[in-house]
Amino acid sequence: MSLISLRDVQFGYGGQPILHDVSLALEQGESLGILGESGSGKSTILRLMLGLARPDQGVVEADGSVLDIRSRPRMQAHRRFVQPVFQDPYTSLDPRMKVRRILTEPHVALDLPGDAGAEAARVLDAVGLPADSLDRYPRAFSGGQRQRIAIARALIARPRVLLADEPVSALDLATKVRVIELLTELARDITLVLVSHDIAIVAALCPRMIVLQQGRIVEGGATRHILRAPQHPYTQRLLASLQHMPEETP
Ligand SMILES: Nc1ncnc2c1ncn2[C@@H]1O[C@H](COP(=O)(O)OP(=O)(O)O)[C@@H](O)[C@H]1O
Ligand SMILES: [Mg+2]
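Residues numbered from 1 in each chain as written. Chains lettered and ligands numbered in written order. Predicted model: local features only at pLDDT ≥ 70, side-chain atom pairs only at ≥ 80, totals over all residues. Heavy atoms only, no water.

1. Brief notes about the side chain of Lys42
Here is step 1 of the chain: Along the chain, Lys42 turns up in helix α1 (residues 42–50).
Here is step 2 of the chain: No salt bridge is formed by the buried Lys42, whose closest oppositely charged neighbour, Glu166, lies at an N-O distance of 4.1 Å.
Here is step 3 of the chain: Sequence-distant contacts of Lys42, that is, excluding residues within four places in its chain, are made with Ile34, Leu35, Gly36, Glu37, Glu166, Val195, Ser196, His197 and Leu212. (Helix = DSSP H or I, 4+ residues; strand = E, 2+ residues; numbered from the N terminus. Buried < 20%, exposed > 50% of the residue type's maximum accessible area, 1.4 Å probe, protein only. Lys, Arg positive; Asp, Glu negative; His and termini not counted. Salt bridge = Lys/Arg side-chain N within 4 Å of Asp/Glu carboxyl O. Contact = heavy atoms within 4.5 Å.)

Below, the structure is given as structure tokens:
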């Protein structure tokens, strides 16, 4: 069975349909890219995977069974299973908390085993930040460093699945490249879902991808094949809008 999946999912906000017949599945250790323009429903898919919303029809399955978001013990377990990283590291980190607290709070909230301080040091090291970062506030860090802190926070739970929603969109180019390198490294051990409207970033990180248009999956498969021969007109337009193709794809 897949690590996490959506099966025949329909979803809408207040009766307004947003996702139609969405099915996707991730195996252990696989990285999946979700590509689509703004408003196509990418973040909504992640919300369903996180258990922040429930499908109107169809199911989300995680860790071997259907996710029931009304069950508190199940959601407690689910928050250890899957963790998010959001686009904007400026708003996703509480400015009043030192990094130490940012990184120890989830440990307590999720009732994780082990020493919270030692775990904070572990994840800080995993994202390539120095140990003295623990005594600083988010404002002392650059955008890329803040995104590393947000990634570190997601790693505290040792999740099986990391959901990254436009994780480098708010960063400048050089910083983008370094955060992508970090995610590439992490993706060796963790199952990654990467949402982006930027096909170059999906190509850099995800061997497999789906293309979402207005809440429907219009194309899916090996990223290298889709880049070489996009089948759907929407994907063809997205590719044509690029000034140049990445020379080497995964
Ligand atoms: N909380 C909400 N209430 C109502 N509509 C929403 C809400 N969140 C998103 N939407 C709508 O759902 C659609 C998909 O949004 P979203 O999943 O955020 O797309 P994407 O991440 O691809 O930009 C958009 O039309 C958006 O306006
Ligand atoms: Mg979004």
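There's plenty left to go through after this.
2. Description of unusual backbone geometry
Here is step 1 of the chain: For Asp111, which is not a glycine, the phi torsion comes out positive at approximately 55°.
Here is step 2 of the chain: With respect to the secondary-structure elements, Asp111 resides in the loop between α3 (99–109) and α4 (116–126).
Here is step 3 of the chain: The phi dihedral of Gln214 falls on the positive side, at around 45°, and the residue is not glycine.
Here is step 4 of the chain: Within the element layout of this structure, Gln214 appears in the loop between β9 (208–213) and β10 (216–222).
Here is step 5 of the chain: We classify Gln214 as exposed; its relative accessible area is 61%.

3. Things to note about the site of ligand 1
Here is step 1 of the chain: All residues in the neighbourhood of ligand 1 are listed as Tyr13, Ile18, Glu37, Ser38, Gly39, Ser40, Gly41, Lys42, Ser43 and Thr44.
Here is step 2 of the chain: The separation between a nitrogen atom of ligand 1 and a polar side-chain atom of Tyr13 is 3.5 Å.
Here is step 3 of the chain: In this structure, Ser40 approaches ligand 1 through a main-chain N or O atom, which is 3.2 Å from an oxygen atom.
Here is step 4 of the chain: Burial of ligand 1 by the protein chains amounts to 55% of its free accessible area of 560 Å².
Here is step 5 of the chain: Tallying contributions element by element places α1 first for the shell around ligand 1, with three residues.
Here is step 6 of the chain: Broken down by class, the residue content of the shell around ligand 1 amounts to two nonpolar, six polar and two charged. (Near = heavy atom within 4 Å. Polar contact = N/O pair within 3.5 Å; in protein donor to acceptor, adjacent residues only side chain to side chain. Areas by Shrake-Rupley, 256 points an atom, 1.4 Å probe, with all protein chains shown as cover. Nonpolar A, V, L, I, M, F, W, Y, C, P; charged D, E, K, R; others polar.)

4. Comments concerning the nonpolar core
Here is step 1 of the chain: Residues Leu103, Ile151, Leu194 and Leu205 are the most contacted members of the largest nonpolar core, which totals 50 residues.
Here is step 2 of the chain: The residues contacting Ile151, other than those within four sequence positions of it, are Val85, Val127, Val179, Leu182, Leu183 and Leu186.
Here is step 3 of the chain: Counting 29 residues, the second largest nonpolar core, distinct from the first, contains Leu24, Leu32, Val161 and Leu163. (Core = buried A, V, L, I, M, F, W, Y, C linked by side-chain atoms within 4.5 Å.)

5. Observations concerning the sheet that holds strand β8 (residues 191–196)
Pairing between the strands of a sheet comes from backbone hydrogen bonds, and it takes one of two forms, parallel or antiparallel.
Here is step 1 of the chain: Reading across the sheet, the six strands line up as β6-β7-β8-β3-β9-β10 and stay open at both edges, with mixed pairing between neighbours. With partners counted over all chains shown, the strands left at the sheet margins are β6 (82–85) and β10, one partner each. Neighbour-to-neighbour, the strand axes of this sheet turn through a mean angle of 15°, independent of strand direction.
Here is step 2 of the chain: Note that strand β3 (residues 31–35) and β9 share four bridges and pair parallel. (Pairing = 2+ DSSP bridges. Axes fitted to C-alpha atoms, helices over the stretch in contact; angles between N-to-C directions.)

6. As for the packing of aromatic side chains
Here is step 1 of the chain: All told, the structure shown has one aromatic pair when counted by the stated rule.
Here is step 2 of the chain: Ring geometry for Phe11 against Tyr13: centres 5.1 Å apart, planes inclined by 85°, an arrangement best described as edge-to-face.
Here is step 3 of the chain: With relative accessibility at 6%, the residue Phe11 sits in the buried group.
Here is step 4 of the chain: Owing to a relative accessible area of 39%, Tyr13 belongs among the partly exposed residues under this scheme. (Phe/Tyr/Trp six-rings, centres within 6.5 Å; stacked < 30°, edge-to-face > 60°.)

7. Details of the UniProt feature "domain: ABC transporter" (unreviewed entry) in the protein chain
Here is step 1 of the chain: As annotated by UniProt and renumbered to match this structure, "domain: ABC transporter" (unreviewed entry) occupies residues 4–239.
Here is step 2 of the chain: Helix makes up 37% of residues 4–239 and strand 26%, whereas the separation of the span's terminal C-alpha atoms amounts to 29 Å. (UniProt positions renumbered as here; feature names shortened; annotations may be inferred.)

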